[in-house]
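These are the residues of each chain, in order.
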Amino acid sequence: MIPNNFEYIRANSVQEALQLLSQKGDGARLLAGGHSLIPAMKLRLNAPETVIDISGIQDLASIHRDGGRLHIGALVTHRTVETSDEVKSSCPVLSEAAALIGDPLVRNRGTIGGSLAHCDPAADYPALTLCLDAEIEATGPSGSRTIAADDFFVGMFETALQPGEMITRVTFPVLTRGTGAAYEKFSHPASRFAVVGVAAMVTLDGSGNCSSVRVAITGAGPSVFRATKVEQALTGKAPDEQAISDATQDVADPADLMSDISASAEYRAHLCSVLSRRALQRAVQAARG
Amino acid sequence: MGHTIKVTVNGVTHEATVEPRMLLVQFLREVLMLTGTHIGCDTSQCGACTVLVDGVATKSCTMFAVQADGREITTIEGLAANGDLHPLQKAFWEEHGLQCGFCTPGVIISSYDFLKRNPNPTEEEIRHALEGNYCRCTGYQNIVKAVKKAAQSM
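Residues numbered from 1 in each chain as written. Chains lettered and ligands numbered in written order. Predicted model: local features only at pLDDT ≥ 70, side-chain atom pairs only at ≥ 80, totals over all residues. Heavy atoms only, no water.

Moving on, we get to the sheet that holds strand S11 (residues 179–187) of chain A. Spatially, four strands are ordered S11-S12-S13-S14 (chain A) in an open sheet, and the strand pairing comes out antiparallel. Where the open sheet ends on each side, the last strands, each with one partner, are S11 and strand S14 (225–226) of chain A. (Pairing = 2+ DSSP bridges. Helix = DSSP H or I, 4+ residues; strand = E, 2+ residues; numbered from the N terminus.)

What follows is the structure, encoded as C-alpha cells:
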C-alpha cells in the first residue's frame, strides 16, 4: 500500500521542527518512530502534505532521573523503556508495561511521545501516564508548558496539544516505599493492542490504609479514563482482598464502552472489573514492598 | 520531489533517488532487486519484511526509504558469508523450521537481532521474541527448535 505523496523534511533540532511546523501549518505531521503515522498514511487515513522527520533529534532520546522525578524524552523507544535500568528501578511498572506494547519489532521503533500524541484509544501508555499522574511537556513557538495527564487526553485520537506544539518529554514520579503500581492487559491476539488495559497505583499510609488510589483504563472506551468509583471506594480503606474485590464489582458501565469485532461493551465491562482487581492486588503488594 | 539517498545494504553502498513515499521494503525489492525480503500483511503486523537497520530488527514496510539515508541495512541475502549459510539458516534447514518459507527471512532476521541480545534464551523467551513474526504453516514448533539450535552453535 502506497501513501499519498508528501514533502519530506528532516528536522535536526526541536527549534527547527517547531519552525517547520508553524511554516507548514495544518498539513504537516511529525514523524517519530512512525509506527502509528506510517500505517495510517498507507491506509490513506492520514495524508499529510509535509512530513517532518524528528527521529534524529538526540536531545529528545534520553532518560534521566532528577530526585523524585523520572524524565523520559519524547523519542525514547518502547524497547529502551522496557530495558532501561533507570526505569526498572525508578518506576518498574513502566518497563513492565512497555514490554507488552505491540511486538519486539514495533518496540524497536515506536516512541513514547508518538504514542501519546497519537492517542489511540487502545494504546498502553495513556493508561500508565494517567494512572501515574505523569506530566507531559509540550513545546511550541512560545516555549514549553506542562500538561497534567488528567488534562491531556481529550478524546479518541484527541489530546490537549495545540497546533504548532510537540511533546518534548514525559515526567513520571519515582515510586518510593509505600507506593506501588501495576498494569494488567488483555491483549488482542493479533494486533497486541489492549482489548482492555488497567493501570493502578496505590499509596499506603503508616497504618496500611490507602491514602491515594489511581486507576486508569485504556482500550475500553473512546479514550483512556479514570475509574473514579473504584478510587473513591478504596481511599482511606485497608486494601485487603475483600475490599478490592468489593470495590471492583462494577467498574464501568457498558453504555460508556466500545463494542467491536473483538469484544462487546458488556465483555469489556467485565474485563474492566477483573483487570482492575488484579492490577490493584499487585499494586498493593508492590506498595507493601 | 525526489531525494537522493545513500544506503549501505549488505555491505554495499547504493545511491538512488527516491520519492519520499517509497517504503524501505519497496526500495529493497524493486530498486535493488533484493527480493528475499517479503511483503506479507503490509500493515506492520506480520514481520515478513523484517530487516536490520543499523543492527536493529525493523519492519521495512513501516519505514520510508528516505529515512534509511546514511544507514546500514542487512537483509536475509546478507547473512551467509563466503557461501556458507549463517548458523541460523543452517538450523532452520536442519530442524525443518519452515514449510512454505514466506515468513522465513523475517523470522531469521528477528532471531538474529534477538540472539545478539540474548545468546542463551529459554523456549519461552524465543516465543516472545518472535511475537512480531507470523508463520501460518508450522505452528512455530520447528521454528523455536531451530532458533534454539542456532543459539547453541553461535
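Now for the domain arrangement of chain A. All names here are of chain A. Annotation of chain A at the domain level lists domain 1 (7–53), domain 2 (60–173) and domain 3 (179–288). The gap between the C-alpha centroids of domain 2 and domain 3 is 20 Å. Of the residues lining the interface, 22 residues belong to domain 2; the matching set on domain 3 comes to 23 residues. Where domain 2 abuts domain 3, roughly 1800 Å² becomes buried across the two surfaces, and 63% of that area is made up of carbon and sulfur atoms. The largest share of the area that domain 2 buries against domain 3 comes from Pro121, Leu130 and Cys131, three residues that together contribute 27% of it. Counting the contacts that link domain 2 with domain 3 gives five salt bridges. A salt bridge links Arg226 to Asp150, with the nearest nitrogen and oxygen atoms 3.2 Å apart. Counting across the domain 2 and domain 3 interface gives 11 residue pairs in polar contact (both at pLDDT 80 or more). Of the residues assigned to the side of domain 2 that touches domain 3, the class counts are 15 nonpolar, two polar and five charged. (Domains from an automatic or database assignment. Contact = heavy atoms within 4.5 Å. Buried area = accessible area lost by both parts, 1.4 Å probe. Salt bridge = Lys/Arg side-chain N within 4 Å of Asp/Glu carboxyl O. Polar contact = N/O pair within 3.5 Å; in protein donor to acceptor, adjacent residues only side chain to side chain. Nonpolar A, V, L, I, M, F, W, Y, C, P; charged D, E, K, R; others polar.)

Glancing now at the interface of chain A and chain B. With 29 residues of chain A at the contact, the number on the chain B side is 32 residues. Together, the buried faces of chain A and chain B total about 2500 Å²; carbon and sulfur atoms form 55% of this surface. Across the chain A-chain B interface, the total number found is two salt bridges. The residue B:Lys59 makes a salt bridge to A:Asp103 at a minimum N-O spacing of 2.6 Å. Where chain A touches chain B, the interface holds 11 residue pairs in polar contact (both at pLDDT 80 or more). Broken down by element, the residue count for the side of chain A that touches chain B peaks at five residues, all from helix H6 (residues 104–109) of chain A.

The next subject is the packing of aromatic side chains. A ring pair, where both rings are aromatic, is described by two values, the distance of the centres and the angle of the planes. Tallying each qualifying case throughout the model produces three aromatic pairs over all chains. Relative to B:Phe64, the ring of A:Phe6 has its centre 5.0 Å away and its plane inclined at 55°; by these criteria the two rings are tilted. Here the residue A:Phe6 occupies a position in the segment before strand S1 (7–10), and B:Phe64 occupies one in the loop between strand S4 (56–59) and strand S5 (72–74), the pair thus bridging two chains. (Phe/Tyr/Trp six-rings, centres within 6.5 Å; stacked < 30°, edge-to-face > 60°.)

Moving on: helix H5 (residues 141–153) of chain B. Residues and elements named next belong to chain B. With 13 residues, H5 should reach 18 Å at 1.5 Å per residue; the first-to-last C-alpha distance of 19 Å fits that figure. By the burial criterion, the buried members of H5 are Ile143, Val144, Ala146, Val147, Ala150 and Ala151. All buried residues of H5 fall inside an arc of 160° around its axis, so they share one side. Buried residues belonging to H5 abut helix H2 (87–94), helix H3 (104–117) and helix H4 (123–129). (Expected span 1.5 Å × (residues − 1). Buried < 20%, exposed > 50% of the residue type's maximum accessible area, 1.4 Å probe, protein only. Arc of directions from axis to C-beta.)

Attention shifts here to the domain arrangement of chain B. Residues and elements named next belong to chain B. Each assigned domain of chain B is listed here: domain 1 (3–77) and domain 2 (87–153). On a C-alpha basis, the centres of domain 1 and domain 2 stand 21 Å from each other. Each partner contributes to the interface: domain 1 provides 18 residues, whereas domain 2 provides 15 residues. Of the roughly 1200 Å² buried between domain 1 and domain 2, counting both surfaces, carbon and sulfur atoms make up 61%. For the pair domain 1 and domain 2, the interface holds zero salt bridges. Between the two partners, domain 1 and domain 2, sit six residue pairs in polar contact (both at pLDDT 80 or more). Classifying every residue of the side of domain 1 that touches domain 2 gives eight nonpolar, nine polar and one charged.

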